[in-house]
Amino acid sequence: MKYICIEKPGEVCHKEMPVPEIKEGEALLKLLYGGICGSDLGTYRGTFAYAGYPRIPGHEFSAEIAEIGKNPYGLEKGMVVTANPYFNCGSCYSCMRGYVNCCEHNETMGAQRDGAFCQYITMPAERLYKSQGIQARHLALVEPFCIGYHGVKKAGIREGEKVLVIGAGTIGIVAALSAKEAGASVDICDVAEDKLKYAECFGFDGYIKNNEHFADSVKTRTDGNGYDVTVEAVGLPQTFQNAVDAVAFAGRVIQIGVGKKTVNFNFTELQRKELKIYGSRNAVKSDFLEVIDIFKTGRIPLDKIITKTYSFDEGDKAFKEFYKNSAERLKVMI
């Protein structure tokens, strides 16, 4: 079978290896669709904090079960599924307390271990979730949607609250859509004009350019009070600072973005405003199941999240063009 490999930053190639054999409790999956995550693009760029080389990318996917043994999950050959790609150790302090998404030794597919951009992969059956009628290209959006959904859920957003999402990339968009699902009034912010313009098709409540007028825009949009919740979905020190500055006194800040740079800011602002700061990492089984249920309602405009699709043999082209046009694209699919 063929697979896609990032040999080193800027170099993607197709290679071959045998189709993997399943072990007890596993399923053999034939890949259908895979999304290029920001972390995959970071591995390609050489900027992702957890990248190692060579690496098979990919952890957002849908697949058909090609082979599976008896299992207690009702999974059968021919079913279309998606999967939880975060492999926890099961023995660290986080895992023992049930916080498996915060495993101290977590290995995410495509990051700390090889990913899904292969014609066939094996996965533990317990990590697979049925499509429930969702088409395969949309099912591959479940995992990235879960990232934003998990963070928004941590904030305990209530109907009518004002939320600012900083970053209009895929995770920012899905976090904003998740906040809308919770009944919030949602504004979205970005430095890129093209991304903000495209975000308008999702029908959010306001759009803020992240420039020298950012503080004035926040005051105008919130009557000078600040937002009840801010969500950082970029991973830069300045956007975290924006999230702290824009949130109301006694507000909540959700940090989803991943980056390498160190934050240097006036930490007393956290005390002065008595803020609640939440890091948000990965997602858990309940997130996957809840997001699948949300997708089934048809309320989320999933086709608008997918802005470009490539064939499997165009893997190198997909990464090159996404790198060059990342400001203009949300989810790129293979």
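Structure shown above.
Residues numbered from 1 in each chain as written. Predicted model: local features only at pLDDT ≥ 70, side-chain atom pairs only at ≥ 80, totals over all residues. Heavy atoms only, no water.

**Quick look at the overall build of the protein chain**
In terms of helices and strands, the protein chain carries 12 helices and 17 strands. A principal-axis box enclosing the C-alpha atoms of the protein chain has dimensions of 60 × 40 × 40 Å. Scored against the burial criterion, the 334 residues of the protein chain give a buried share of 51%. When contacts within the protein chain are restricted to residue pairs at least 6 apart in sequence, those whose partners lie at least 24 apart make up 68%. Across the protein chain, the mean location of the 41 positive side-chain charges is 1 Å away from that of the 42 negative side-chain charges. (Helix = DSSP H or I, 4+ residues; strand = E, 2+ residues; numbered from the N terminus. Buried < 20%, exposed > 50% of the residue type's maximum accessible area, 1.4 Å probe, protein only. Contact = heavy atoms within 4.5 Å. Lys, Arg positive; Asp, Glu negative; His and termini not counted. Charge placed at Lys NZ, Arg CZ, Asp CG, Glu CD.)

**Quick word on the pattern of salt bridges**
One pass over the full model with this rule turns up 21 salt bridges. Here Glu 161 ties to Arg 252 by a salt bridge, and the two come within 2.9 Å at their closest N and O atoms. Placement of the pair is Glu 161 in the loop between helix H4 (142-154) and strand E10 (162-166) and Arg 252 in strand E14 (residues 247-255), with a sequence separation of 91 residues. Both residues of the pair, Glu 161 and Arg 252, count as buried. Between Asp 316 and Lys 320 there is a salt bridge, with the nearest N and O atoms lying 3.3 Å from each other. Here Asp 316 pairs with Lys 320, and both are found in helix H12 (residues 315-324), just four residues apart, close to one helical turn. Here Asp 316 falls in the partly exposed class, since its relative accessible area comes to 24%. Linked through salt bridges whose partners overlap, the residues forming this network are Lys 153, Asp 287 and Glu 290. (Salt bridge = Lys/Arg side-chain N within 4 Å of Asp/Glu carboxyl O.)

**Concerning empty space enclosed by the protein**
Scanning the model with the defined rule gives one cavity of 30 Å³ or more in all. Every residue along the wall of the largest cavity is listed here: Asp 194, Lys 195, Tyr 198, Thr 307, Ala 327, Glu 328, Arg 329 and Leu 330. By residue class, the composition of the lining of the largest cavity is three nonpolar, one polar and four charged. (1 Å grid on protein atoms, 1.4 Å probe; cavity = no way out; pocket = protein on both sides within 12 Å on 5 of 7 lines; lining within 4 Å. Points joined across faces, edges and corners; volume = space filled by probe spheres on them. Nonpolar A, V, L, I, M, F, W, Y, C, P; charged D, E, K, R; others polar.)

**A look at the layout of surface pockets**
In this structure, the second largest pocket spans a volume of roughly 260 Å³. Forming the boundary of the second largest pocket are 17 residues, of which Met 109, Asp 114, Gly 115, Ile 121 and Thr 122 lie nearest the centre. If you tally residues by element for the lining of the second largest pocket, the top one is strand E8 (residues 120-124), at five residues. Residues that form the lining of the second largest pocket fall into these classes: 12 nonpolar, two polar and three charged.

**Here we look at the nonpolar core**
Val 163 and Ile 188 are the most contacted members of the largest nonpolar core, which totals 46 residues. Elements supplying a minimum of two residues to this core: H4, E10, helix H5 (170-181), strand E11 (185-190), helix H6 (193-199), strand E13 (227-232), helix H10 (285-297) and helix H11 (302-305). Setting aside its immediate chain neighbours within four residues, Val 163 contacts Ile 157, Ala 179, Ala 184, Ser 185, Val 186, Asp 187, Tyr 227, Val 229 and Val 231. Judged by nonpolar contacts, the second largest core, of 35 residues, contains Phe 61, Phe 87, Ile 121 and Phe 319. (Core = buried A, V, L, I, M, F, W, Y, C linked by side-chain atoms within 4.5 Å.)

**So, the packing of helix H1 (residues 38-45) against H12**
Interhelical geometry of H1 versus H12 gives an angle of 95° and a closest axis separation of 10 Å. Classified by the angle their axes make, H1 and H12 are roughly perpendicular. Across the interface between the two elements, Asp 40, Leu 41, Tyr 44 and Arg 45 from H1 touch Phe 319, Lys 320, Phe 322 and Tyr 323 from H12. Residues belonging to the contact of H1 with H12 are distributed by class as follows: five nonpolar, no polar and three charged. (Axes fitted to C-alpha atoms, helices over the stretch in contact; angles between N-to-C directions. Parallel < 35°, antiparallel > 145°, perpendicular 65-115°, else oblique.)

**Topic: the sheet that holds E13**
If you trace the six strands from one edge of the open sheet to the other, you get E12-E11-E10-E13-E14-E15, paired in parallel fashion. Looking at the sheet topology across the chains shown, the edges are occupied by strand E12 (206-209) and strand E15 (276-279). Sheet twist, expressed as the average angle between the axes of neighbouring strands with direction ignored, equals 20°. Note: E13 against E14, five bridges, orientation parallel. Bridging across to E14, Thr 230 finds its partner in Val 253. Its contacts with the sheet place helix H7 (residues 214-221) against E10, E11, E12 and E13, and it is angled at close to 160° to E12. (Pairing = 2+ DSSP bridges.)

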